[in-house]
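Residue-level listing of the chains:
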Amino acid sequence: MTPRRLTALALRARRPRPTVRLRLTLLYGGLFLISGAALLAATYALVVQATQGAIGSRSQVGTSLSRQQERALALREQAAALDAHAAVLHELLARSALALALMAVLSIALGWIVAGRVLRPLRTITEAARQISAASLGERLALSGPDDELRELGDTFDGLLARLEAAFRAQRQFIANASHELRTPLARQRVISQVALADPGATTETLAAAHERVLASGAQQQQLIEAMLALARGQAGLDQREPFDLAAVTREVLADRQSEADYRDVTLHTTLGPAPAAGSPRLAERLAANLVDNALRHNLPGGRVDVTTGTRDSRAVLAVANTGPTVPAAAVDRLFQPFQRLGPGRTSHSGGLGLGLSIAAAIAEAHSASITARPQPGGGLLVEVTFPEPGPHEISPCPGTPGQAQVV
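Since the structure is predicted, the reported quantities are computational estimates derived from the model, not experimental observations.

1. Topic: helix H9 (residues 281-297)
Turning to step 1, where the next piece is worked out: Its 17 residues give H9 an end-to-end C-alpha distance of 24 Å, which sits within 8% of 24 Å, the value for a rise of 1.5 Å per residue.
Turning to step 2, where the next piece is worked out: Among the residues of H9, Leu283, Ala284, Leu287, Ala288, Ala289, Asn290, Leu291, Val292, Asp293, Asn294, Ala295 and Leu296 are the ones counted as buried.

2. Things to note about the pairing of strand S5 (residues 315-322)
Turning to step 1, where the next piece is worked out: Judged by how many residues are buried, S5 sits mostly within the fold: 7 of 8 residues are covered.
Turning to step 2, where the next piece is worked out: Across 8 bridges, the pairing between strand S4 (residues 304-312) and S5 is antiparallel. When the bridges of S5 are listed, glycine 310 appears paired with valine 317.
Turning to step 3, where the next piece is worked out: With antiparallel pairing between neighbouring strands as the criterion, S4 and S5 make up a hairpin whose turn holds 2 residues, including aspartate 313 at a positive phi of roughly 55 degrees.

3. Here we look at the pairing of strand S2 (residues 267-272)
Turning to step 1, where the next piece is worked out: In S2, alternate side chains face the same way, and those of Leu268, Thr270 and Leu272 are buried while those of Thr267, His269 and Thr271 on the opposite face are not.
Turning to step 2, where the next piece is worked out: Across 6 bridges, S2 lies against S4 in parallel orientation. Within the sheet, the bridge partner assigned to threonine 270 lies in S4 and is valine 307.

4. Section: the packing of aromatic side chains
Turning to step 1, where the next piece is worked out: Following the criterion strictly, the structure yields 1 aromatic pair and no others.
Turning to step 2, where the next piece is worked out: Note on phenylalanine 244 and phenylalanine 387: the rings are 6.3 Å apart at their centroids and 85 degrees apart in plane angle, and the pair reads as edge-to-face. Of this pair, phenylalanine 244 sits in strand S1 (residues 242-245) while phenylalanine 387 sits in the loop between strand S7 (381-386) and strand S8 (405-407), and the two are 143 residues apart along the sequence.
Turning to step 3, where the next piece is worked out: When its relative accessible area of 6% is taken as the criterion, phenylalanine 244 is described as buried.
Turning to step 4, where the next piece is worked out: Judged by its relative accessible area of 0%, phenylalanine 387 falls in the buried class.

5. With respect to the packing of H9 against helix H11 (residues 356-366)
Each pair of packed helices can be summarised by the angle the axes make with each other and by the distance between the axes.
Turning to step 1, where the next piece is worked out: As a packed pair, H9 and H11 sit with axes 9 Å apart at the nearest point and diverge in direction by 150 degrees. With respect to each other, H9 and H11 are oriented roughly antiparallel. Note that H9 runs across H11; the crossing there is left-handed. Contacts between H9 and H11 involve Leu283, Ala284, Arg286, Leu287, Asn290, Leu291 and Asn294 on the former and, on the latter, Gly356, Leu357, Ile359, Ala360 and Ile363.
Turning to step 2, where the next piece is worked out: Its residues placed into classes, the contact of H9 with H11 shows 8 nonpolar, 3 polar and 1 charged.

6. So, the pattern of salt bridges
Turning to step 1, where the next piece is worked out: With the rule as written, the count across this model stands at 5 salt bridges.
Turning to step 2, where the next piece is worked out: Aspartate 293 is the salt-bridge partner of arginine 257, the closest N and O atoms lying 2.9 Å from each other. With arginine 257 in the loop between helix H7 (246-256) and helix H8 (258-263) and aspartate 293 in helix H9, this pair connects stretches of sequence that are 36 residues apart.
Turning to step 3, where the next piece is worked out: Among the ionic pairs, arginine 264 bridges to glutamate 260, the shortest N-O distance being 3.1 Å.
Turning to step 4, where the next piece is worked out: Among the residues examined, glutamate 260 registers a relative accessible area of 22% and is labelled partly exposed.

7. Quick notes on the nonpolar core
Turning to step 1, where the next piece is worked out: Core analysis: the biggest nonpolar cluster contains 42 residues, and Leu291, Val305, Val307, Ile371, Val385 and Phe387 have the highest contact counts within it.
Turning to step 2, where the next piece is worked out: Among the elements of the structure, H7, S2, H9, S4, S5, H11 and S7 are those that each provide at least two residues to this core.
Turning to step 3, where the next piece is worked out: Considering every element that reaches this core, the biggest residue donor is H9, with 9 residues.
Turning to step 4, where the next piece is worked out: Filtering out sequence-adjacent residues up to four positions away, valine 385 remains in contact with Leu287, Leu291, Ala316, Val317, Leu318, Ala364, Ala369, Ser370 and Ile371.
Turning to step 5, where the next piece is worked out: Of all hydrophobic cores here, the second largest spans 8 residues; its members include Ile125, Leu137, Leu143 and Phe157.

8. Some words on the environment of arginine 297
Turning to step 1, where the next piece is worked out: Structurally, arginine 297 can be placed in helix H9.
Turning to step 2, where the next piece is worked out: Looking at arginine 297, the relative accessible area reads 31%, which means it is partly exposed.
Turning to step 3, where the next piece is worked out: Separated by 37 residues in sequence, arginine 297 and glutamate 260 place their C-alpha atoms 9.3 Å apart.

9. Side note on unusual backbone geometry
Turning to step 1, where the next piece is worked out: Not every positive phi belongs to a glycine, and aspartate 265 is a case in point at roughly 60 degrees.
Turning to step 2, where the next piece is worked out: Overall, the relative accessible area of 47% leaves aspartate 265 in the partly exposed class.
Turning to step 3, where the next piece is worked out: Residues other than glycine seldom take positive phi values, yet serine 314 does so here, at roughly 65 degrees.

What counts as what
- Residues numbered from 1 in each chain as written.
- Predicted model: local features only at pLDDT ≥ 70, side-chain atom pairs only at ≥ 80, totals over all residues.
- Heavy atoms only, no water.
- Helix = DSSP H or I, 4+ residues; strand = E, 2+ residues; numbered from the N terminus.
- Expected span 1.5 Å × (residues − 1).
- Buried < 20%, exposed > 50% of the residue type's maximum accessible area, 1.4 Å probe, protein only.
- Pairing = 2+ DSSP bridges.
- Phe/Tyr/Trp six-rings, centres within 6.5 Å; stacked < 30°, edge-to-face > 60°.
- Axes fitted to C-alpha atoms, helices over the stretch in contact; angles between N-to-C directions.
- Parallel < 35°, antiparallel > 145°, perpendicular 65-115°, else oblique.
- Left-handed = near helix turned anticlockwise from the far one by under 90°.
- Contact = heavy atoms within 4.5 Å.
- Nonpolar A, V, L, I, M, F, W, Y, C, P; charged D, E, K, R; others polar.
- Salt bridge = Lys/Arg side-chain N within 4 Å of Asp/Glu carboxyl O.
- Core = buried A, V, L, I, M, F, W, Y, C linked by side-chain atoms within 4.5 Å.

What follows is the structure, given as C-alpha cells:
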C-alpha cells in the first residue's frame, strides 16, 4: 500500500463519524450563523442610513468669517464627521462580527447539548436493541418524558418485544410438547420391536401382530406430523387472499365426515346459509374440518352436532356445536393451546391429538377472524368463527339455496 493511500486512510479514520447528533449540531449552528449575519447586515444598513441623514443635516453656525472661509470650514467639518462616521461603523461592524463569532461558537456548543438530549431516547433504544436477545425478551424500554414521536417509537419497540416474547414462548412450548408427543410413538415402536425380537417362541402370528402395532404407531405419528405441519401453515399467515363461500367449503367437509358420524352414532344437523369470505379456501376447509372432527370425537353415542353458516353484520360466520361431556368454563381457553387435553373423561375414546382447536385458532388468526368457544348447558362445546367482512373485489357469488336447513 502506497504512503498516499495510508495517509488517506489515516485522515478518514480521524474524521468524525457523521452521526445524527453532529448533523443536527451543524444544522443548528448554520441556521444561527445565517440568521445572525442577516440581522447584523440589516442593523448595519439601518445605522448607516440613520447616521448619514444626521451628517447631511448638520446646522450651520453663523460667524464673522467670510463666505470662502465658511465654506472651507464646513468642508473640513464634513470630512471630519465622515471620518468619525466611518470609524464608528467600522467599530460597530468589528464588534458585531466578534459577537456573532462568539455566539456562533456558543450556539454550536448548545446545539450539541440540545441534540444529545433530544436523541437520548434513541441511544436508549439502540443500546437496548444491542443487549436484548432471545433469552432477555422480557426487558422493556418504558421510556418516560413527553408524549412525542420518540416516546411513540419507544412504545412501538416495547410492543414489538412483547410480540416477539409471546412468539418465542409459544415456539418453545410447542417444540417441547411436540418432542414429547413424537417421542411416545417412537418409544412404543421400539419396545414392540424389541419384545417381538426377544421372544424365543415367536410365531408368524405374534410377529404379524407386533408388526401391525408398529404400523398403527407409525400411522399415529404420521397424523401428528401432518397436524403439526397444518398448525405451522396456519401460523405462517396468508400469501394471497381469494373469495370463497364458507358454506360450500363446510358442505364438502360434512360430506366427507358422514361415515364417521354414522360410525360414532352421531347425527349431523346443518343449516348452511351463504357466507362469503376471503382468504385461503384450503385453510378454511381445514378449519371447518378440525371443528367438525373435534365435535364428532368429543361426543357421546346418540349425540348430535349442529353446524351453521351464515352472515352477521356482513361477516361470514361458522358455528359448530356438539353434545358430549361437560366442559369447565375455566378450561375453555386452554383447549386452544397445542397438545392440551381436559382429561380422560373427554379424551379417552376420542383418538385426538390435542391439536384440532389450536390449528383452528391459528387458521382463524391468519384470516384475521375471531374464534370463540363456550360450554353448552347440557355438555359439549359451541365454537364460533367470525371472518372479517370481505372487500368489494373479494366478493364472489355464493351458490346454493340461501338458508336451506337440512339433516345429514
